[in-house]
Structures are given as C-alpha cells and as structure tokens.
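Spelled out, the chains give:
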Amino acid sequence: MKEYLTYLSNKYETEEFLIGDPSWFMHQVVGESNQELLAFIAASLSYGSRKQFLPKIQFILDSSKGEVREWLLSGRFKKDIPDSPKCFYRLYTCSTMHKMLSALQELVATYGSLKQYVGKGTCYEAIEKIVAFFSARGVEVIIPKNTQSSCKRLCMFMRWMVRDDSPVDLGLWKDIIDKRTLIIPMDTHVMQEANKLGLISSKTASMSSAMKLTAKLKEIFPDDPLKGDFALFGVGVDVAK
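Parameters at a glance
- Residues numbered from 1 in each chain as written.
- Predicted model: local features only at pLDDT ≥ 70, side-chain atom pairs only at ≥ 80, totals over all residues.
- Heavy atoms only, no water.
- Helix = DSSP H or I, 4+ residues; strand = E, 2+ residues; numbered from the N terminus.
- Rg over C-alpha atoms; globule rule 2.2 N^0.38 Å.
- Buried < 20%, exposed > 50% of the residue type's maximum accessible area, 1.4 Å probe, protein only.
- Contact = heavy atoms within 4.5 Å.
- Patch = residues over 30% accessible without salt bridge, like charges linked within 9 Å, V, L, I, M, F, W, Y side chains within 5 Å.
- Areas by Shrake-Rupley, 256 points an atom, 1.4 Å probe, with all protein chains shown as cover.
- Salt bridge = Lys/Arg side-chain N within 4 Å of Asp/Glu carboxyl O.
- Axes fitted to C-alpha atoms, helices over the stretch in contact; angles between N-to-C directions.
- Parallel < 35°, antiparallel > 145°, perpendicular 65-115°, else oblique.
- Left-handed = near helix turned anticlockwise from the far one by under 90°.
- Nonpolar A, V, L, I, M, F, W, Y, C, P; charged D, E, K, R; others polar.
- Arc of directions from axis to C-beta.
- Core = buried A, V, L, I, M, F, W, Y, C linked by side-chain atoms within 4.5 Å.
- Phe/Tyr/Trp six-rings, centres within 6.5 Å; stacked < 30°, edge-to-face > 60°.
- Lys NZ or Arg CZ within 6 Å of the ring centre and 35° of its normal.

1. Comments concerning the overall build of the chain
Part 1: A count of helices and strands for the chain gives twelve helices and two strands.
Part 2: In the chain, the succession of helices and strands from N to C terminus is α-α-α-α-α-β-β-α-α-α-α-α-α-α.
Part 3: For 241 residues, the compact-globule estimate of 2.2 N^0.38 gives 18 Å, and the chain sits close to it at 17 Å.
Part 4: Dimensions of the chain, computed from the C-alpha atoms along their principal axes, are close to 50 × 40 × 35 Å.

Rendered as structure tokens:
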C-alpha cells in the first residue's frame, strides 16, 4: 500500500496537476497577499462541476486584474458583485458572495491578512478560527458554520497555504502551521476511494472521518500526510484509464 500510494502521489503532484484545477489561479497573481486571498476565494467556490465553477474564479481574477487585495480593500468588488438576489453560482447568490467578500474585507482591514488573523497553531485550530469569524457575520452558506462537516474546501485551502516544496501548493503559511497537522480535504469521492483501499470504513464525509483518514495517511507519509491527497486523486484517475 505504501509503495502504491507513494507512486501515485509522485505521479500526480506535478505542475500538470494545476491544469484544470482551482489551485491554478493562485499561481496567476503576484505577491503573497494576492495569492492568499485568491486562493481563499477560489477554494470557497470549488464545489460542483469544474466546468461551472472555474469560470466564476476566472471572473474574480479578471475583475481584480490580479490585484486581489486592492480590489477587496477598495470595495471595488461591490460594483463587480452587487448585493442582489441574482444567482452567482449554484446556491451562492450575488448577495451571498457580497456578504462573504465584505466579511473578508473586514478581516483583512483589521488583521492585515488571513495568516495574521489565524496565527500560529494547528490546521484544525486555524479552521476553527476562520469558521468562527465568518459564522459570526452570518456567512454560513459559503463558509461552514462549524467544524462538524469535513470542511473540505477549507482543508484544501490549508493544504495550499501550508505544504512547501510542492509544484502545486504555495507553502505561504509553513512558518505558522506544521504540515503534519493538515487534514485531508474529504469529499464523497475521496471517502469512496479511501474505503475501496481499506484505509477507512466511513459512510459520511465528516470532520471525524477526515481525521481518521488523515491518521492513516500519516502512517504512510509521517512528515507530510497530505501528500496522500494526490495519491487518492490519482487512484480514481488510474482506475478510470
């Protein structure tokens, strides 16, 4: 199992992985602040069909002209995404996105960055802080209201921010969070693949299930458990071939 998952992780953690993946967008802007903010917004929009949500992330990139921090703090986002009941993407109305971006604007204006707001600690502690901030401001559709769910998109964002020495992940937060504390971004696909491999026997993609799978991956990749995220992605691709 270790050899198989190591083979898959090495095979798929390449620059080619970025093509058609939401992580591609954070590599298209310059500056850590712009990268962090675009990564957070991209992760928040990453559910459902890639063909549908990737253009929405592209809209954010185009609207901000790559200067995401300035776009946010200046309030220009309010013109590009007005407060209206019009659909932005699936369950997200323009009003929902407007509220989320307004809360993010407040966070950055107050603390300087998501990184400074989160501070040193574990991945789970960081997710708890992010969830608490947005929940207190009524943003519960885009950002989970608590950590009972797997918080898949937040865990993916944390992977992008924390893992270093990767052609995919940025490692901007490697000095405040140990990558050994990262939690697998678990959705139904990842859960099913992990079940097939006998790593877990969970039936729901909860935070508890994500932590159990992460513990198993840590046995295989003790210093970098989320290297296994690429392996589980690769399992599905290889089987489909």
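On we go from here.
2. Re the environment of glutamine 52
Part 1: Inspection of the secondary structure assignment puts glutamine 52 in helix α3 (residues 50–64).
Part 2: For glutamine 52, a relative accessible area of 44% corresponds to the partly exposed category.
Part 3: Distance in space between the C-alpha atoms of glutamine 52 and arginine 90 is 9.1 Å, their sequence separation being 38 residues.
Part 4: Sequence-distant contacts of glutamine 52, that is, excluding residues within four places in its chain, are made with Tyr89 and Arg90.

3. Quick word on a nonpolar patch on the surface
Part 1: A contiguous nonpolar surface patch, about 300 Å² in accessible area, is contributed by Met1, Tyr4 and Tyr7.
Part 2: Structurally, the position occupied by methionine 1 is in the segment before α1 (2–12).

4. Some words on the packing of helix α2 (residues 32–45) against helix α9 (residues 152–162)
Part 1: It is at 9 Å that the axes of α2 and α9 come closest, and there the two elements cross at 150°. The angle between α2 and α9 places the two elements in the roughly antiparallel class. Considering the relative orientation of α2 and α9, their crossing is right-handed. Touching Glu36, Ala39, Phe40, Ala42, Ala43 and Ser44 of α2 are Arg153, Leu154, Met156, Phe157, Trp160 and Met161, all from α9.
Part 2: Split into classes, the residues belonging to the contact of α2 with α9 amount to nine nonpolar, one polar and two charged.

5. What to know about α1
Part 1: Looking at α1, one finds that the buried residues are Leu5, Leu8, Ser9 and Tyr12. Mapping the buried residues of α1 onto a view down its axis gives an arc of 100°, with all of them on the same face. Facing away from the buried surface of α1 by more than 90 degrees, the exposed residues are Lys2 and Glu3.

6. Side note on the nonpolar core
Part 1: Counting residues in each nonpolar core, the largest one holds 82 residues, and the members touching the most others are Phe40, Phe134, Phe157, Met158, Trp173 and Leu213.
Part 2: For leucine 213, the contacting residues outside a window of four places in its chain are Ile184, Met186, Val190, Ala194, Leu199, Ile200 and Leu232.

7. Things to note about the pattern of salt bridges
When the charged atoms of two side chains lie near each other, side chains of opposite charge can form a pair.
Part 1: The full count for this structure, using the stated rule, is 14 salt bridges.
Part 2: Residue lysine 115 pairs with aspartate 175 through a salt bridge whose shortest N-O separation is 2.9 Å. Residue lysine 115 is found in helix α7 (residues 114–118), and its partner aspartate 175 is found in the loop between α9 and α10 (188–196); the two are separated by 60 residues along the sequence.
Part 3: Its salt-bridge partner being aspartate 169, residue arginine 159 comes within 3.0 Å of it at the nearest N-O pair. Of the two residues, arginine 159 is situated in helix α9 and aspartate 169 in the loop between α9 and α10; the sequence distance between them amounts to ten residues. Here the two residues arginine 159 and aspartate 169 agree in accessibility, since each one is buried.
Part 4: Beyond isolated ion pairs, a larger network of salt bridges with shared partners links Glu13, Arg159, Arg163, Asp169, Asp224, Lys227 and Asp229.

8. A few points about the packing of aromatic side chains
Part 1: Applying the stated criterion across every chain, the model contains 15 aromatic pairs.
Part 2: Judged by centre distance (5.1 Å) and plane angle (75°), the rings of phenylalanine 17 and phenylalanine 233 are edge-to-face. One end of the pair, phenylalanine 17, is in the loop between α1 and α2; the other, phenylalanine 233, is in helix α12 (residues 227–240), and 216 residues separate them in sequence.
Part 3: The exposure class assigned to phenylalanine 17 is buried, which follows from its relative accessible area of 11%.
Part 4: Overall, the relative accessible area of 31% leaves phenylalanine 233 in the partly exposed class.
Part 5: Their ring planes at 80° and their centres at 6.4 Å tell us that tyrosine 89 and tyrosine 92 sit as a pair that is edge-to-face.
Part 6: On the basis of relative accessible area, tyrosine 92 is assigned to the buried category, the value being 1%.
Part 7: By way of ring pairs, the aromatic residues Phe40, Tyr111, Tyr117, Phe133, Phe134, Phe157 and Trp173 are connected into one cluster.
Part 8: Over the aromatic face of phenylalanine 133 sits the side chain of arginine 137, whose NZ or CZ is 3.6 Å from the ring centroid.

Interpretation in functional terms is not warranted from these geometric data alone.
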